[in-house]
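Structural overview
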Amino acid sequence: MISDEIRALLREELRGLTAYGAPQLDVPVRLNTNENSYALPDTVARAVTEALRAEVADLNRYPDRDAVKLRADLAAYLGHGLGFEQLWAANGSNEVQQQLLQAFGGPGRTALGFVPAYSMHPLLCAGTATAWVDGGRAADFSISPEHVAEQIRRVDPDLVFLCSPNNPTGTALALDVVEAALRTARGIVIVDEAYAEFARPGTPSALSLLHAYPRLVVSRTMSKAFAFAGARVGYLAADESVVDAVQLVRLPYHLSSLTQAAARAALAHADTLLSTVEAIKEQRDRIVHVLRSRGYEVADSDANFVLFRAYPGGVAGDQAVVWRRLLDAGVLVRDVGLPGWLRVTAGTPAETEAFLEAMKSTEEN
Ligand SMILES: *Cc1c(COP(=O)(O)O)cnc(C)c1O
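Details of the overall build of the chain
Tallying secondary structure elements over the chain gives 13 helices and 11 strands in all. Rg of the C-alpha trace for the chain: 21 Å, near the compact-globule value of 21 Å for 365 residues, within the 12% margin. Projected onto the principal axes, the alpha-carbon positions of the chain cover approximately 60 × 55 × 50 Å. Of all intrachain contacts in the chain linking residues separated by at least 6 positions in sequence, the fraction that spans at least 24 positions is 72%. Here the chain has roughly 16300 Å² of accessible surface; of this, 51% comes from carbon and sulfur atoms. Charged side chains in the chain number 34 positive and 44 negative. The centres of these two groups are separated by 2 Å.

This is the structure:
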């Protein structure tokens, strides 16, 4: 709670806001924040522990300010001919995006997004005093190249946020949408690809456009597919100039030597870590399939979560009622504030089972 006295001292644009917060409830089945349900495999946990142990004796020293080795490892993981100069890392992709706004947004500047999308994008704008404009989407949550170009011409933003696969709807963007933004906008175009590893086969990444567009930034994270959310490691790939620009605003030594060491150890085992991705995609597809077969409307998903209508048969009821009934059945999903819709994370087969069973219980009166 912020008292009236303190609220009066707050920057005006922050006064009406509530802090970002998915409930962290102690529930048997937690499917509300798109975490990877699988713990780190033993081999990886041991490698991370060893890397941390080796680092501890040097904690009297500041870390490598520029995290060059980690950035080289991330470049190698991404491929596409990228080098460490085109990579930048921070404490989660949230911090990466905040740094982009500090460098390219700020007072008097505007960012354009297409809601519903990641709810942190407007919050990061508020925190950096960047104006936020919602360009909107079609009723089926799609955005076309024409719509994106039209909104960019209308708003003339300094930054454009695209999210692919999009959170909370789950669907990836075709590259012609990204290219329409890049061709129309004069500013930075950020493509948030937090869920890229879960995309359905044949879904292209905006990484393949980097060579042609110096204003393109692709944001990635180790929080989802890599099952590394607790370590806080996000990164971007962009033109070397964008990376140099971001270094003007980053705090010195922002990424601790423990974080850098843990991330590098995890990346050395990327194949093992990513081995859960296929299993999670199977559960994702199963949730989509079963819910549709029971008459629920479900958005196509390229991510590790599924957006679905809370009531079958196109009924537009209050999603909060279904959210509460699922919670009563021991299953926590996410109410993203979209009237009539809920979002569920795809996890283990047992979690899917529990969720699908609990959904049946929501249909009883
Ligand atoms: C989860 C998520 C992130 C990850 O943020 P981190 O700070 O890297 O944990 C970024 N973007 C989107 C769209 C997400 O859903």
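So, the sheet that holds strand E4 (residues 131–134)
One open sheet holds the seven strands; their spatial order is E2-E8-E7-E6-E5-E3-E4, and the pairing between them is mixed. Pairing within the sheet leaves two strands with one partner each, and these edge strands are strand E2 (87–90) and E4. This sheet shows a mean twist of 25 degrees between the axes of neighbouring strands, independent of strand direction. Alignment of E2 against strand E8 (residues 234–238), held across four bridges, turns out to be antiparallel. Each residue of the ladder has a partner; that of Ala-90, found in E8, is Gly-234.

Brief notes about the pairing of strand E6 (residues 188–192)
A large share of E6 lies buried, amounting to five of its five residues. Across the two faces of E6 the burial is the same, with Ile-188, Ile-190 and Asp-192 and Val-189 and Val-191 all buried. Following the chain from strand E5 (residues 159–163) across helix H7 (residues 175–184) to the adjacent parallel E6, one finds a crossover that is right-handed. As paired elements, E6 and strand E7 (residues 216–221) share four bridges and run parallel to each other. Across the sheet, the residue bridging to Val-189 is Leu-216, located in E7.

Quick look at the environment of Thr-362
Of note, Thr-362 is situated in helix H13 (residues 349–362). Its relative accessible area of 6% is what places Thr-362 among the buried residues. The residues touching Thr-362, leaving out its near neighbours within four places in the chain, are Tyr-296, Val-322, Arg-325 and Leu-326.

Comments concerning the packing of aromatic side chains
All chains considered together, the criterion is met by six aromatic pairs. Note on Tyr-195 and Phe-305: the rings are 5.0 Å apart at their centroids and 75 degrees apart in plane angle, and the pair reads as edge-to-face. Here the residue Tyr-195 occupies a position in the loop between E6 and E7, and Phe-305 occupies one in strand E9 (residues 305–309), the gap between them amounting to 110 residues. On the accessibility criterion, Phe-305 (0% relative accessible area) is buried. Relative to Phe-355, the ring of Phe-308 has its centre 5.6 Å away and its plane inclined at 65 degrees; by these criteria the two rings are edge-to-face. Highlighted residues: Phe-308 in strand E9 and Phe-355 in helix H13, separated in sequence by 47 residues. Above the plane of the ring of Phe-305 lies Arg-343, whose end atom (NZ or CZ) is 5.4 Å from the centre.

Digging into helix H9 (residues 257–267)
Taken across its 11 residues, H9 has nine buried, putting it largely inside the fold. When we look at burial in H9, the residues that qualify are Ser-257, Thr-259, Gln-260, Ala-261, Ala-262, Ala-263, Ala-265, Ala-266 and Leu-267. Close packing links the buried residues of H9 with helix H2 (42–56), helix H3 (68–78) and helix H10 (270–273).

Here's the deal with the side chain of Ser-205
The topology assignment puts Ser-205 in the loop between E6 and E7. In this structure the side chain of Ser-205 is engaged in a polar contact, spanning 3.0 Å, whose partner is the backbone nitrogen of Leu-207. With near-sequence residues (within four places) excluded, Ser-205 lies in contact with Leu-175, Glu-193 and Arg-220.

Here's the deal with the site of the ligand
Near the ligand, the surroundings consist of 13 residues, among which Asn-94, Tyr-195, Thr-221, Ser-223 and Lys-224 are the closest. Between the ligand and Asp-192, the relevant distance is 2.8 Å, taken from a nitrogen atom to a side-chain nitrogen or oxygen of the residue. Its free accessible area being 390 Å², the ligand has 94% of it covered by the protein chains. The class makeup of the residues in the shell around the ligand is four nonpolar, six polar and three charged.

Regarding the pattern of salt bridges
All chains considered together, the criterion is met by 17 salt bridges. Across the salt bridge formed by Asp-73 and Arg-264, the nearest N and O atoms sit 2.7 Å from each other. Here Arg-264 lies in helix H9 and Asp-73 lies in helix H3, a separation of 191 residues in the sequence. The partner of Arg-220 in a salt bridge is Glu-197, with the nearest N and O atoms 3.7 Å apart. Separated by 23 residues along the polypeptide, Arg-220 in strand E7 and Glu-197 in the loop between E6 and E7 bring together distant segments of the chain. Because the salt bridges share partners, they merge into one network encompassing Asp-156, Asp-158 and Arg-186.

Regarding the domain arrangement of the chain
Here the domain parsing of the chain yields domain 1 (4–40 + 274–364) and domain 2 (42–270). Just the C-alpha atoms count here: the centres of domain 1 and domain 2 sit 23 Å apart. Contacts between the two partners involve 28 residues from domain 1 and, on the opposite side, 33 residues from domain 2. Both sides of the domain 1 and domain 2 interface together cover about 2600 Å² of buried area, and 62% of this is carbon and sulfur. Summed over the three residues of domain 1 that lose the most area to domain 2, namely Leu-40, Leu-274 and Asp-302, the buried surface amounts to 31% of that side. Between Arg-200 and Asp-302 there is a salt bridge, and its shortest N-O distance comes to 2.8 Å. Going through the elements one at a time, helix H11 (275–293), E9 and strand E11 (341–345) are the ones with two or more residues in the side of domain 1 that touches domain 2. Broken down by element, the side of domain 1 that touches domain 2 gets its largest block of residues, five residues, from H11. Here the residues of the side of domain 1 that touches domain 2 sort into 15 nonpolar, six polar and seven charged.

What counts, and where the lines are drawn
Residues numbered from 1 in each chain as written. Predicted model: local features only at pLDDT ≥ 70, side-chain atom pairs only at ≥ 80, totals over all residues. Heavy atoms only, no water. Helix = DSSP H or I, 4+ residues; strand = E, 2+ residues; numbered from the N terminus. Rg over C-alpha atoms; globule rule 2.2 N^0.38 Å. Contact = heavy atoms within 4.5 Å. Areas by Shrake-Rupley, 256 points an atom, 1.4 Å probe, with all protein chains shown as cover. Lys, Arg positive; Asp, Glu negative; His and termini not counted. Charge placed at Lys NZ, Arg CZ, Asp CG, Glu CD. Pairing = 2+ DSSP bridges. Axes fitted to C-alpha atoms, helices over the stretch in contact; angles between N-to-C directions. Buried < 20%, exposed > 50% of the residue type's maximum accessible area, 1.4 Å probe, protein only. Right-handed = clockwise from strand over helix to strand, strands pointing away. Phe/Tyr/Trp six-rings, centres within 6.5 Å; stacked < 30°, edge-to-face > 60°. Lys NZ or Arg CZ within 6 Å of the ring centre and 35° of its normal. Polar contact = N/O pair within 3.5 Å; in protein donor to acceptor, adjacent residues only side chain to side chain. Near = heavy atom within 4 Å. Nonpolar A, V, L, I, M, F, W, Y, C, P; charged D, E, K, R; others polar. Salt bridge = Lys/Arg side-chain N within 4 Å of Asp/Glu carboxyl O. Domains from an automatic or database assignment. Buried area = accessible area lost by both parts, 1.4 Å probe.

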